[in-house]
Amino acid sequence: MFDFLKKKLNDFTQRLSQKAGTQQLEAIKIPDPQKPPQEKKKGLKEESPARRLEADVGVAKKVAGALTGSIELTQKELEPFLDELELALLEGDVEQETAQALTKELQMQLAGQKIPSKENVNSFLKEKVRAALEKIMQTRQVNLFDEMERKKPFVILVMGPNGAGKTTTIAKLTHYLQAKGKKAILASADTFRAGSIEQLEVHAQKLNARLVKHRYGADPAAVAFDAVKAANAERADAVLIDCAGRQETNKNLMEELKKIVRVAKPDLKIYVGEAYTGQALLHQAQTLEKEVGIDAFILTKIDTDAKGGTAISLLHQLKKPILFVGTGQGYGDLKPFTPTFILDNILG
Amino acid sequence: MSLGERLRKAMEAVQNLRVVDKDAIKEIVKEIQRALISADVEVNLVLELSRRIEREAFKEDLPKGLTRREHLATITYEYLAELLGGTPKIPENPQRILLVGLFGSGKSTAIGKLANYYKKRGLKIGVIAGDTFRAGAVDQLKQVTAKVEGTEFFSTPNEKNAAKVIRAGLQELEKKKVNLILCDSAGRSALDEELVKEIKELHNAFKPHHTWLVLGADIGQLAKRQAQAFHEAVGVNGVIITRTDGSAKGGGALAACHTTNAPVYFLGTGEKVSDLEEFDAPRFLGKIMGYGDLQSLLEKARELEEENETDLEEMLEHGFNLHVFYEQLKAARKMGPLNKVAEMMGLNMQIPKEQLEIGEEKLDHYKHIMDSMTKKEKLNPDLITRSRIERISRGSGRTEEEVRELLKHYKQLAKVYDKFKNINLEKMQSAKGMQKLMQGFQKRKKKKLRLK
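Report on the accompanying structure. (Residues numbered from 1 in each chain as written. Chains lettered and ligands numbered in written order. Predicted model: local features only at pLDDT ≥ 70, side-chain atom pairs only at ≥ 80, totals over all residues. Heavy atoms only, no water.)

We now examine the pattern of salt bridges. One pass over the structure, following the stated rule, counts 32 salt bridges over all chains. The shortest N-O distance in the salt bridge between A:Lys258 and A:Glu255 comes to 3.4 Å. Here the residue A:Lys258 and the residue A:Glu255 both occupy positions in helix H10 (residues 251-264), the gap between them amounting to three residues, near one helical turn. Judged by relative accessible area, which is 35%, A:Glu255 ranks as partly exposed. B:Arg243 serves as the salt-bridge partner of A:Glu274, at 3.7 Å between the closest nitrogen and oxygen. Of this pair, A:Glu274 sits in strand E7 (residues 268-274) while B:Arg243 sits in the loop between strand E6 (238-242) and helix H10 (251-260), placing the two residues on different chains. (Salt bridge = Lys/Arg side-chain N within 4 Å of Asp/Glu carboxyl O. Helix = DSSP H or I, 4+ residues; strand = E, 2+ residues; numbered from the N terminus. Buried < 20%, exposed > 50% of the residue type's maximum accessible area, 1.4 Å probe, protein only.)

Before going further, it helps to examine the pairing of strand E6 (residues 238-243) of chain A. Looking along a regular strand, one sees the side chains alternate between the two faces of the sheet. Residues and elements named next belong to chain A. Burial within E6 is extensive, with six of its six residues counted as buried. Residues Ala238, Leu240 and Asp242 line one face of E6 and the alternating positions Val239, Ile241 and Cys243 line the opposite face, and both faces are buried. The pairing of strand E3 (residues 154-159) with E6 spans five bridges and is classified as parallel. Looking across to E6, one finds that Val158 is bridged to Asp242. Examined bridge by bridge, strand E4 (residues 184-189) and E6 share six bridges and lie parallel to one another. The residue of E6 that forms the bridge with Ala184 is Ala238. (Pairing = 2+ DSSP bridges.)

Membership of the largest hydrophobic core comes to 151 residues, with the highest contact counts inside it found for A:Ile241, A:Ile312, A:Ile342, A:Ile346, B:Ile128 and B:Val239. When neighbours within four sequence positions are excluded, A:Ile241 is seen to be in contact with A:Val155, A:Ile156, A:Leu157, A:Val158, A:Ile170, A:Ala187, A:Ala189, A:Ala224 and A:Ala264. The next biggest cluster of nonpolar side chains, apart from the first, holds 28 residues, and it includes A:Leu144, A:Val158, A:Ile298 and A:Phe324. (Core = buried A, V, L, I, M, F, W, Y, C linked by side-chain atoms within 4.5 Å. Contact = heavy atoms within 4.5 Å.)

A few words now on the interface of chain B and chain A. Across the boundary between the two partners, chain B contributes 36 residues, which contact 38 residues of chain A. Regarding the contact of chain B and chain A, the summed buried area is about 3300 Å², with carbon and sulfur atoms giving 54% of it. Among the residues of chain B in contact with chain A, B:Phe103, B:Leu222 and B:Glu271 are the three that bury the most area, contributing 18% of the side total. Our count for the chain B to chain A interface comes out at 15 residue pairs in polar contact (both at pLDDT 80 or more). Counting only elements with at least two residues in the side of chain B that touches chain A, the list comes to helix H2 (22-38), helix H3 (43-57), helix H6 (137-146) and helix H9 (223-234) of chain B. (Buried area = accessible area lost by both parts, 1.4 Å probe. Polar contact = N/O pair within 3.5 Å; in protein donor to acceptor, adjacent residues only side chain to side chain.)

So, on to the sheet that holds E3(A). Residues and elements named next belong to chain A. What the eight strands build is an open sheet, ordered E5-E4-E6-E3-E7-E8-E9-E10; its pairing is mixed. Single-partner strands in this sheet number two, and they are strand E5 (210-212) and strand E10 (334-336). Going across the sheet, the axis of each strand differs from the next one's by a mean of 25°, ignoring polarity. Here E7 runs beside strand E8 (residues 296-300); their pairing, made up of five bridges, is parallel. By the bridge assignment for E8, Ile270 is matched with Ala296. Helix-sheet contacts for helix H7 (residues 166-179) involve E3, E4, E6, E7, E8, strand E9 (322-326) and E10, and the interaxial angle to E6 is about 170°. Each of E7, E8 and E9 is contacted by helix H12 (residues 309-318), which is oriented at about 170° to E8, the strand it contacts most. (Axes fitted to C-alpha atoms, helices over the stretch in contact; angles between N-to-C directions.)

What follows concerns the pairing of E8(A). Residues and elements named next belong to chain A. Judged by how many residues are buried, E8 sits mostly within the fold: five of five residues are covered. Every second residue of E8 is oriented toward a common face, with Ala296, Ile298 and Thr300 on one face and Phe297 and Leu299 on the other, all of them buried. Taking the sense of rotation as the criterion, the β-α-β connection linking E7, helix H11 (residues 280-291) and E8 turns out right-handed. With respect to chirality, the unit in which E8 leads through H12 into the neighbouring parallel E9 is right-handed. (Right-handed = clockwise from strand over helix to strand, strands pointing away.)

Residue and element names in this part refer to chain A. Of note, Ala233 is situated in helix H9 (residues 220-234). On the basis of relative accessibility, which here comes to 66%, the residue Ala233 falls in the exposed class. Spatially, the C-alpha atom of Ala233 lies 65 Å from that of Gln75, the residues being 158 residues apart in sequence.

Residue and element names in this part refer to chain B. Spatial strand order, E3-E2-E4-E1-E5-E6-E7-E8: eight strands in an open sheet with mixed pairing. Here the strands that pair on one side only, and so sit at the sheet edges, are strand E3 (152-154) and strand E8 (276-278). When the angles between neighbouring strand axes are averaged without regard to direction, this sheet yields 25°. Each of strand E1 (96-101), strand E2 (125-128), strand E4 (180-183), strand E5 (210-216), E6, strand E7 (264-268) and E8 touches helix H5 (residues 107-120); the most contacted strand, E1, lies at about 155° to it. Seen against the sheet, H6 touches E2 and E3 and runs at an angle of roughly 175° to E3.

The geometry of an aromatic ring pair comes down to the distance between the two centres and the angle between the two planes. Within this structure, the stated rule accounts for seven aromatic pairs over all chains. Ring geometry for A:Phe145 against A:Tyr176: centres 5.7 Å apart, planes inclined by 20°, an arrangement best described as stacked. Placement of A:Phe145 in helix H6 (residues 144-150) and of A:Tyr176 in helix H7 is noted, with a sequence separation of 31 residues between them. Each member of the pair, A:Phe145 as well as A:Tyr176, carries the same accessibility label: buried. Relative to B:Phe266, the ring of B:Tyr117 lies with its centre 4.7 Å away and its plane at 75°, an arrangement referred to as edge-to-face. Of the two residues, B:Tyr117 sits in helix H5 while B:Phe266 sits in strand E7, which places them 149 residues apart along the sequence. (Phe/Tyr/Trp six-rings, centres within 6.5 Å; stacked < 30°, edge-to-face > 60°.)

What follows covers the packing of H11(A) against H12(A). All names here are of chain A. Where H11 contacts H12, the two axes come as close as 10 Å, and the packing angle between them is 35°. As H11 packs across H12, the resulting crossing turns out to be right-handed. Seen from H11, the contacting residues are Leu281, Leu282, Ala285, Gln286 and Glu289; seen from H12, they are Thr310, Ser313, Leu314, Gln317 and Leu318. When the residues that make up the contact of H11 with H12 are grouped by side-chain class, the tally is five nonpolar, four polar and one charged. (Left-handed = near helix turned anticlockwise from the far one by under 90°. Nonpolar A, V, L, I, M, F, W, Y, C, P; charged D, E, K, R; others polar.)

Here is the structure:
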């Protein structure tokens, strides 16, 4: 999924290293003190004497740098590159604040830094980008099976906006747990959407898993409660609760969700979101985090050529791990996910 | 801040400019850029838009009778409306509509809503369950269409080939003399070769007059590529944007339509079959920017009047009292959540959130409390003193706090109500400058049409 961001970040490091390279060359030429280099001055209508002085100092520094074999990039020189990078990040669905945080982090890492000129500037820059990404994406790691050791049955609530893929994800999770010899019971707590119970029923049948269901219009919390009870009786390892999709702006549905949480007391609350959701995903997730709390994410539909920026923003803003990504329509299309996955895919 | 609020702020900044100079324009353009990008509008489109605004801002010959400031505001508004796709004409007799889209974008739900919409316009509807892949899809569609009385539903259990289902369905529904056939399809990525092949087959079998793409309002920058790919595969000539009741405003989807030239016909605005709204860019823009959408509010009020339930305009004529307050709360629940009403009135930024979220139970309590009031008290709530509150509380079995809360709530809403009244009766005097401009813009547009 990260092809787009990868390309853009590559452009960024390459063009910046070119720029650094040309500056090294320029700096070696003794500049005319009356006439500082032109290119940096684009966009400025008029030069104040102070600016020229600053520029002259900059040039002098660079000469020194060239002599000692290192080069320094000033904030001003970095700015157009970082502005462009920010736009590219936005184009890759990275949310605005996260894009700003990332460029700011890069600026801190780069501005005034001595770049050893003998070294490959490009790889130096890449290293810096990796460090910046790593820093903004730091979260707690969650290992599902370690967590499951804690309690039996382990209750997992799957929630998210309409059409994000909750029911399909539950089927995949069931399959994933079964493959590791764990027994899961499914709870059809989406009693609102047409066809939702039948949908989960079909999956339960195919996967040979037990399904707890009520009728449409029943209290979802009651379904969840019954499922937990059934799991206790049958000594199942996990309960997977499917609840109705909801928009975070709907107060009543948020209350309903809170009730499910109160009654079923889930050990892990997973938010399922679409990888190609734009800037809104963060807002949705933040509201849910505030109202009921989120422990981890699963991003679905990454096989649609989603740009992946969503993942970066989620990690940065909510500091919650992404457990899995959905990669297709089969039961096996659920892949464990780590930040390293992003880093390797973007920086390759 | 939402897209609307930000755009509104930017436009207000234009209005309040003392001098129109380069720096000021740059600042405003930057703000508009940020607003659009955070609403997922595609970056290239945003850049194009800002270039045009900057160019126009310094044009030598301004249209007659407009100051540079007014000109700037008008063109910005005009461009924004154009970017969002203008006002499309919704097909009255579409005959066959195929819905396509990504997974979980809301196709089946949209079919129910379309059936409801066209049934109200006198058509007999048939629905074919063309999603043979996803578990539960057929059941879902069946339950959705059952909500629209008189709709013919066709599916072939256990048939996995969608094209076959469709051919059989066409024959069957033709016999039943339906005027409009809606066909569902499985969710897919249009960048997946296999799935594209399948949708082409499906399209061939159904031979739709209209192929509409269903997009979620929350889709990001991917919208454009997917829309293009769907368009290349089956020729998309209309768009429905769903889930606009969330915080996402559909910027990505809207802009995607702009690039594929397919008009947005409808917005999905909620979970019920009646939650479908005709799309109109200037109106949409006015609404999200908080300038009010009186037209659709009045339309809705009229619909309710026909049902003899509430008379909004009559309520406006008499003053605001507790009766009106209660009726208003009740009516608002019928017209959809109060915040939707407020949004249409352009007041959503001015009403505290808690007031918009009054629950069923609260409303009952309010009724009990009001039943314990005298007529005089209800008509003039200012009469209610501490001792009266005590009496009302005892009489209704609610606490004194709750009685006070009701009164406080009433007073707050009375203020808002005054604003609404002014807006309605004095032709939007409160937002003078901008409103005038928007009206002027609409007049100009009409003139243009007349010239043609």
